[in-house]
Amino acid sequence: MSLRYRPGTQSGPPGRVPPEDEPYNIIPVHNLLADHPSLRFPEVRAAAAALRAVGDLRKPPYAQWQPSMDLLDWLALSFGFQHDNVRNQREHLVLHLANAQMRLTPPPENIDTLDASVLRRFRRKLLKNYTSWCSYLGKKSNIWISDSSRSSSDHRRELLYVGLYLLIWGESANLRFMPECICYIFHHMAMELNKILEEYIDENTGQPVMPSLSGENAFLNCVVKPIYETVRAEVESSKNGTAPHTAWRNYDDLNEYFWSKRCFQKLKWPIDVGSNFFVTSNKSKHIGKTGFVEQRSFWNLYRSFDRLWVMLFLFLQAAIIVAWEERDYPWQALSIRNCRVKILTLFITWSAMRFLQALLDAGMQYSRVSRETLGLGIRMVLKVVVSAAWIVIFAVCYARIWQNNHGRRWTAEADRRVRLFLQIAFVYVLPELLALTLFVIPWIRNFIEQRNWKIFDLLFWWFQSKSFVGRGLREGLLDNVKYTLFWVLVLATKFAFSYFLQIKPMVRPSKLMPNISVEYEWHEFFGGSNRFAVGLLWLPVVFIYLMDIQIWYSIYSSFVGAGVGLLQHLGEIRNIQQLKLRFQFFASAIQFNLMPEEQLLNARGTFRSKFNDAIHRLKLRYGLGRPFKKLESNQVEAHKFALIWNEIITIFREEDIISDHEVELLELPPNSWNVRVVRWPCFLLCNELLLALSQAKELVDAPDKWLWYKICKNEYRRCAVIEAYDSIKHMMLAILSVQSEEHSILTYLFQEIDHSVEIEKFTKTFRMTALPQLHMKLIKLVDILTKPKKDVTQVVNTLQALYEIAVRDFFKDKRNIEQLREDGLAPRDPAAMAGLLFENAIKLPDSSDDKFYRQVRRLHTILTSRDSMQNIPVNLEARRRIAFFSNSLFMNMPHAPQVEKMMAFSVLTPYYNEEVLYNREQLRTENEDGISILYYLQTIYDDEWKNFMERMRREGMVKDDEIWTTKMRDLRYWASYRGQTLSRTVRGMMYYYRALKMLAFLDSASEMDIREGARELGSMRRDGGLDSFNSRGSPSRSLSRASSSLGLLFKGHEQGTCLMKYTYVVACQIYGAQKAKKDPHAEEILYLMKQHEALRVAYVDEVSTGRDEKEYFSVLVKYDQQLEKEVEIYRVKLPGPLKLGEGKPENQNHALIFTRGDAVQTIDMNQDNYFEEALKMRNLLEEYKYNYGIRKPTILGVREHIFTGSVSSLAWFMSAQETSFVTLGQRVLANPLKIRMHYGHPDVFDRFWFLTRGGSVKLPE
């Protein structure tokens, strides 16, 4: 047990303690004396104590103050926050601060006190967007704390600022989509908080300053509700999205109102509900869009990609001009002066396209122009005028170049006009050169954009509107170089292909066709000419020219993506054969990547540590160095690997993707029968013993060293030989009575064999040609022992035959009966030779001794397997998962911290009314084609159905019909786990919890714990604990102290650690209505909560308060294992109906306040997860600590696998398409292009970064 985790005495809160039975979410912060595993961490008590340090704060005048209240209660009474909002954010804050302090390295001197650096770091991160917003608007931040100060009052003030922001955010409902609106609210409330803390006096009353908001639900009614009603009115005016976008404001438009100082002038504080911000009906006073305005128009195709169109058309024009000269290479054509001058027409085209762009901008963004944004309208008009002027200037200057210069000789005046044109062109492209310079030197542009200086705003006013977001996002120089090289390669290939194979071949026909006389039967658009035909000839070429850039991008994206994957060692293990080659390094790989490593303080991150890691990975990946070649069975590393690997195989069996027999072939059995080597899975040892026997037969006269050298060249062969010999010796002695003379004879025989091996004279003492005979008789003996009914006579006969071969044929030196007796290899009593030697010595273990006979079956597999078992496991999904997991072990990944020191995270799943669990009727009801869901699943997952039925029979099912009666729940879960159901998603996400428990145990367990745990867990599996479903059909395996030797894994301090590190919230939007209607979905969701202690359900509760009035609440519930019922934890009142825009994001948003941790993973209702991948979650979260380029990531992409790909050929195609897009496309967007943003719901978000910027699903409507 960790020293930090101690149950020592603790003092309770002063004054009255809240009722001990008050429901809580994760930890009972209200009762620090409760017997809860998480409360024994000193960091939790330190965070809770810091919140209770109210000190000499002036008590709220209009509320009764209790001694047990803390700083959040003080804020609630002062500003009118809801009670359950306070309770929710109290646990939220305590958990985060405790987790942050647990990660401190080195740990603080006083672990019972909240470290100031933890709080300061959190305050800076949480309020970073607010401070940036203040700087952008030129407002002074209301965070009145000096970074150099370390006083206790500042400690309390920081807690108040952080608590105030979290309380505002937790009660803002739909306003959470408007982060700068929350900044505006916080700015004013923080100012009032400062005045209270500094004991300001109100000038009007002469009394101490009071908050402008106070009373029950004051914040909700006076601040949130007016803005919410405005959002709601705007949504209603959108007519369900059918109204033009210019006619109504969405979340972003309303939020952008707070990007200008006018919000301070118009809205004021307390909020003036008479401000035109709240006007939605009167168009004359209505505030329109202030940022982007979307106009539905075909011209958006040009306007949105104008730079691409300009590049394509300008090159097309230049290529035609150059190709028209009909030279072999373009540089030959450019040596002609006329051609070079004609190239100057590109500036006329360019200016014309700029003019079109300016017109489109003005036509589509005119609705943004208002009295406050008059400068925007002026800029639009000026851009149109200036772009038109450039067209005229270039056209006039170009025409003057050719004036009076139609001959072959160029006059000095023409040269002067060309130089003038080039000078004008240089002025025209000067802004582009400046942009290129800022692109090449990205830190200059980042510096300019991040400084809110007026001079910079003035300089860039012409090019773009000022915006709060999207500033300073340029990557580093190296990333820019990689980005540029990629696109230079793509565009160079595209343009070279287009010039030589598309445009140039068209020139000659285009010149010849106008001179060909053709009589047309249709109308001639150009009389007496073939120009129309020439145009038709060019039309498909131009279309292909405009579109093939996507083809070239896809080609290079595939190559670059594959190259990046090779460098990251992706896909090196793709099949079982490659898995076998690497399996012997798995234990070292798991130890290196998945197990925390003891580090000296500040050792991680240094150049030396990185260099050592690189060398370590090379050794690991290619098996270099002795530590990575042979893993001995007594090493702790081997026991840890066995625990993890066997748990993975056990879960495969729980999921019915492998059979019982495959479990025996795949598992790593604990060391028993005194086997001296690692007992590798049987599928790795298959055929190896036979190959060793053939080698021994071929090398009959070879010395021991040479034969053993040949065998040891294959690690699995070496282990197979040693394990087979040790197992045979143990088995043969175990089936004989210890007191019998036969037992003594076999003991002496094995001792002689061991001695000959030890002195390296085995091949000189024994005939290798006799080994095949011994092998055949041993197989016969093992066959007899594996049968349900064992014939003792056959056992005796087989042992007698083995004895005869051993003493007569196996020894090279013939020995008579007297010599055999002297050596102890024959009975002392001659009368014993009259009958069969082993007739009275057999003592077979009881048939209930599953441990013994399981080892016999393993020995039988090693002795008899003749194929390479390439089809083990049979199930393709099991093979894919094993290959993917094993491959990832050899990739570069951050080192795993201890579970105690890992980042906490949550998983959030939005759910509406989809299937939770298939019922009997759904499984049996046939569709119009006569096919039921169960029949369809049995057909698609034929092998998994067989495995399921095998498991049910092992659990006591006698007749197959019982599957519809006593095993009905098991059947429903089996079918639901193969459909897109909530139960499948919950099972997958709860693998995180299960994995963290195992990892927490391995982190803190001693070597003895691990050895004993591996041995006893193996015994438990052999005793029938392979499956996860108990008699009630539990969907998740719960190894309790009674059923598992690893009791600490599930009931010790690991439980408290895991509860603090992981939370799963399912946003079941209409769960309350489902409960009221007795919907079966509600019962099934309740059952899921009952089975998973870390599962929480958030829903929106509608409560009728009058004839047509309703109140809405965000509610969080859980299943209380002690009370054995569902309990309500939090109930936070909403300003109105939840759904204003899109239902799914707003459902997710309302439950976001109940998540915990530094990161949140958003998972769709139809997604799954795997236990073996959950083991790597703490490695993944460590990515947040590393800089990628010039900044740390805020989104971590997680790969998706389409599990419905096996349903049909079309599903397979779509699955392959998705895999290609995710693996190659997204990989290239991330590296080298560095432009990947949020792709899908498996992504993991930096929770506090997104929490303060509109959430992970910021809505457009």
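Numbering of residues starts from 1 in every chain and runs along the sequence as written. Given that this is a predicted model, residues contribute local features only at a pLDDT of at least 70 and side-chain atom pairs are listed and counted only at 80 or more, while totals for whole chains, interfaces and linings are drawn from all residues. The side-chain quantities take in all heavy atoms of the structure and omit both hydrogens and water.

**Describing the overall build of the chain**
Next up, step 1: Helix and strand labels come from DSSP, where a helix needs a run of H or I of at least four residues and a strand needs a run of E of at least two; each type is numbered from the N terminus. Helix and strand counts for the chain stand at 52 helices and eight strands.
Next up, step 2: Think of it in three bands: residues with accessible area under 20% of the maximum for their type are buried, residues over 50% are exposed, and the middle band is partly exposed, with areas taken using a 1.4 Å probe on protein chains only. By the burial criterion, 54% of the 1261 residues in the chain qualify as buried.
Next up, step 3: Contacts were defined at the residue level, with two residues in contact if any of their heavy atoms lie within 4.5 Å. Across the chain, every contact between residues at least 6 apart in sequence was considered, and the portion connecting residues at least 24 apart equals 75%.
Next up, step 4: Accessible area for the chain stands at about 58400 Å²; split by element, carbon and sulfur atoms hold 57% of it. Note on areas: these come from Shrake-Rupley sampling with a 1.4 Å probe, and a residue is covered only by the protein chains present in the view.

**So, helix H25 (residues 636-654)**
Next up, step 1: The terminal C-alpha atoms of H25, which comprises 19 residues, lie 27 Å apart, in line with the 27 Å expected from a rise of 1.5 Å per residue.
Next up, step 2: Of all 19 residues in H25, 18 are buried; the element is thus mostly enclosed.
Next up, step 3: Directly beyond the C-terminal end of H25, a positive phi value near 60 degrees is found at Asp656. The span one expects for a helix is its residue count, reduced by one, times 1.5 Å.

**A closer look at a nonpolar patch on the surface**
Next up, step 1: A surface patch of nonpolar side chains, about 1100 Å² in accessible area, is lined by Phe426, Val427, Leu430, Leu433, Leu436, Phe439, Val440, Trp443, Ile444, Leu477, Val481 and Leu485.
Next up, step 2: Looking at the nonpolar patch, the elements with two or more residues in it are helix H17 (412-440), helix H18 (442-450) and helix H20 (477-512).
Next up, step 3: At seven residues, H17 tops the list of elements feeding residues into the nonpolar patch.
Next up, step 4: Inspection of the secondary structure assignment puts Leu430 in helix H17. Here the term patch refers to residues with relative accessible area over 30% and no salt bridge, with like charges joined within 9 Å and nonpolar side chains (Val, Leu, Ile, Met, Phe, Trp, Tyr) within 5 Å. Between Lys or Arg on one side and Asp or Glu on the other, a salt bridge is scored when a side-chain nitrogen of the former is within 4 Å of a carboxyl oxygen of the latter.

**Overview of the pairing of strand E5 (residues 1125-1134)**
Next up, step 1: Here strand E4 (residues 1110-1120) runs beside E5; their pairing, made up of nine bridges, is antiparallel. Counted as the bridge partner of Lys1118 is Val1127 from E5.
Next up, step 2: Connecting E4 to the antiparallel partner E5 that follows it, the hairpin turn spans four residues, and Glu1124 within it adopts a positive phi of roughly 55 degrees. Paired strands, as defined in this entry, are two strands with at least two bridges between them according to DSSP.

**A closer look at the sheet that holds strand E6 (residues 1159-1162)**
Next up, step 1: The eight strands are arranged E5-E4-E3-E2-E1-E6-E8-E7 in an open sheet whose pairing can be described as mixed. Strands at the two margins of the open sheet, each flanked by one partner only, are E5 and strand E7 (1195-1196).

**Describing unusual backbone geometry**
Next up, step 1: In this chain, Trp269 is followed by Pro270 through a cis amide linkage whose omega measures 0 degrees.
Next up, step 2: Here Pro270 is to be found in the loop between helix H10 (262-266) and helix H11 (300-303).
Next up, step 3: We note that Ala173 has phi near 50 degrees; this positive angle belongs to a residue other than glycine.
Next up, step 4: A relative accessible area of 4% places Ala173 in the buried class.
Next up, step 5: The backbone of Glu1124 shows a phi angle near 55 degrees, a positive value even though the residue is not glycine.
Next up, step 6: Position of Glu1124 among the secondary structure elements: in the loop between E4 and E5.
Next up, step 7: On the basis of relative accessible area, Glu1124 is assigned to the exposed category, the value being 60%.

**Some points on the side chain of Glu91**
Next up, step 1: Tracing the sequence through the fold places Glu91 in helix H3 (residues 83-102).
Next up, step 2: Judged by relative accessible area, which is 1%, Glu91 ranks as buried.
Next up, step 3: The term polar contact refers here to a pair of N or O atoms within 3.5 Å; inside protein, the definition further demands a hydrogen-donor-capable atom paired with an acceptor-capable atom, and it admits residues adjacent in sequence only when both atoms are side-chain atoms. From its side chain, Glu91 meets the backbone nitrogen of Ile26 in a polar contact 2.6 Å long.
Next up, step 4: Not counting the four nearest positions on each side in its chain, Glu91 is found in contact with Asn25, Ile26, Ile27, Val29, Tyr1130 and Arg1156.

**Comments concerning the UniProt feature "transmembrane region" (unreviewed entry) in the chain**
Next up, step 1: UniProt positions are given in the numbering used here, feature names are shortened, and annotations may be inferred rather than shown by experiment. When the UniProt feature table is mapped onto this chain numbering, "transmembrane region" (unreviewed entry) sits at residues 308-324, 344-360, 380-399, 420-444, 483-501 and 532-553.
Next up, step 2: Each end of residues 380-399 is marked by a C-alpha atom, and these two atoms are 29 Å apart; helix forms 100% of the span and strand 0%.

**What about the packing of helix H15 (residues 345-365) against H17?**
Next up, step 1: Where H15 meets H17, the axes come as close as 12 Å, and the angle between the chain directions of the two elements is 40 degrees. In terms of axis orientation, H15 runs oblique to H17. H17 is crossed by H15, and the crossing has left-handed handedness. Each of Phe347, Trp350, Ser351 and Arg354 in H15 lies in contact with H17, whose residues at this interface are Phe421, Ala425, Tyr428, Val429 and Glu432. Here an axis means a line fitted to C-alpha atoms, over the contact stretch when the element is a helix, while the angle between two N-to-C directions is reported on a 0 to 180 degree scale. Oblique is the label for any angle not covered by the other classes, which are roughly parallel (under 35 degrees), roughly antiparallel (over 145) and roughly perpendicular (65 to 115). Crossing handedness follows the turn of the near helix against the far one: under a right angle anticlockwise gives a left-handed crossing, and clockwise gives a right-handed one.

**Topic: the confidence of the model for the chain**
The predicted structure's coordinates, where accompanied by low pLDDT, should not be read in detail.
Next up, step 1: Confidence in the prediction for the chain averages 82 pLDDT; 86% of positions are at 70 or higher.
Next up, step 2: What pLDDT expresses is the predictor's confidence in each residue, scored from 0 to 100. Contacts for the low-pLDDT stretch residues 1-17, under 50 throughout, to residues beyond four places or in other chains number 33 contacts.

**Notes on the state of the cysteines**
Joining two cysteines, a disulfide is a covalent bond between their sulfur atoms.
Next up, step 1: Note that a disulfide, as used here, is simply two cysteine sulfur atoms within 2.5 Å. Tallied over the full model, the rule gives zero disulfides.
Next up, step 2: Residue Cys183 stays outside any disulfide, its sulfur separated by 7.4 Å from that of Cys134, the closest cysteine.

**Topic: the pattern of salt bridges**
Next up, step 1: Tallied over the entire structure, the rule returns 62 salt bridges.
Next up, step 2: Across the pair Glu723 and Arg858 runs a salt bridge whose closest N-O atoms are separated by 2.5 Å. Of this pair, Glu723 sits in helix H30 (residues 715-734) while Arg858 is found in helix H36 (residues 850-864), placing the two residues 135 residues apart along the sequence. Like Arg858, Glu723 is buried.
Next up, step 3: Sharing partners across several salt bridges, the network here consists of Arg653, Asp656, Asp660, Glu950, Arg951, Arg954, Glu955 and Lys967.

**A few points about helix H31 (residues 741-758)**
Next up, step 1: Between its first and last C-alpha, H31 extends 26 Å over 18 residues, near the 26 Å set by a 1.5 Å rise per residue.
Next up, step 2: Considered for burial, the residues of H31 that qualify are Glu742, His743, Ile745, Leu746, Leu749, Phe750, Ile753 and Ser756. Seen from one end, H31 has its buried residues packed into an arc of 165 degrees, which puts them on one side.
Next up, step 3: Just downstream of H31, Glu760 is the residue with a positive phi angle, here 60 degrees. For this quantity, the arc is that covered by the directions from the helix axis to the C-beta atoms.

**Concerning the pairing of E4**
Next up, step 1: Counting buried residues along E4, nine of its eleven residues qualify, which places the element largely inside the surrounding structure.
Next up, step 2: Pairing analysis gives eight bridges linking strand E3 (residues 1095-1104) to E4, with the strands arranged antiparallel. The residue of E4 that forms the bridge with Val1097 is Val1117.
Next up, step 3: The antiparallel pairing of E3 with E4 creates a hairpin that spans five residues between the two strands.

**What about the packing of H25 against helix H37 (residues 876-888)?**
Any two packed helices are characterised by how steeply their axes cross, that is the angle between the axes, and by the distance between the axes.
Next up, step 1: Interaxial distance between H25 and H37 falls to 12 Å at its minimum, and their mutual angle equals 155 degrees. Classified by the interaxial angle, the pair formed by H25 and H37 is roughly antiparallel. Considering how the two elements wind past one another, H25 and H37 form a crossing that is right-handed. In this structure, H25 contributes Trp645, Ile648 and Phe652 to the contact, and H37 contributes Ala878, Arg881, Ile882 and Phe885.

**Some remarks on the environment of Val469**
Next up, step 1: Relative to the assigned elements, Val469 resides in the loop between helix H19 (454-459) and H20.
Next up, step 2: The exposure class assigned to Val469 is partly exposed, which follows from its relative accessible area of 45%.

**So, the packing of aromatic side chains**
Next up, step 1: Each Phe, Tyr or Trp ring, with Trp reduced to its six-membered ring, pairs with another whose centre is within 6.5 Å; inter-plane angles below 30 degrees give stacked pairs, above 60 give edge-to-face pairs, and intermediate values give tilted ones. As enumerated under the stated definition, the model contains 56 aromatic pairs in all.
Next up, step 2: Between the aromatic rings of Phe347 and Phe394, the centroid separation amounts to 5.6 Å while the plane-to-plane angle is 35 degrees, which identifies the pairing as tilted. Pair noted here: Phe347 is in helix H15 and Phe394 is in helix H16 (residues 374-402), with a separation of 47 residues, a long-range link.
Next up, step 3: Taking the relative accessible area as the measure of exposure, Phe347 reaches 17% and is therefore buried.
Next up, step 4: On the accessibility criterion, Phe394 (0% relative accessible area) is buried.
Next up, step 5: Site record: aromatic cluster; members linked through ring pairs are Tyr130, Trp133, Tyr165, Tyr184, Phe186, Tyr257, Phe258, Phe264, Phe277 and Phe278.
Next up, step 6: Here, over-ring charges are defined by two tests on the NZ atom of lysine or the CZ atom of arginine: distance to the ring centre within 6 Å, and angle to the ring normal within 35 degrees. The ring of Phe264 is capped by Lys139, whose NZ or CZ atom sits 4.4 Å from the centre of that ring.
Next up, step 7: Here the basic side chain of Lys1118 rests over the ring of Tyr24, its NZ or CZ set 4.1 Å away from the ring centre.

**So, the environment of Phe313**
Next up, step 1: Looking at the secondary structure, you find Phe313 in helix H12 (residues 306-323).
Next up, step 2: C-alpha of Phe313 to C-alpha of Leu546: the two residues are 233 residues apart in sequence and 8.6 Å apart in space.

**Quick look at the side chain of Arg854**
Next up, step 1: The residue Arg854 is located in helix H36 in this model.
Next up, step 2: When its relative accessible area of 7% is taken as the criterion, Arg854 is described as buried.
Next up, step 3: A polar atom in the side chain of Arg854 sits 2.9 Å from the side chain of Glu667.

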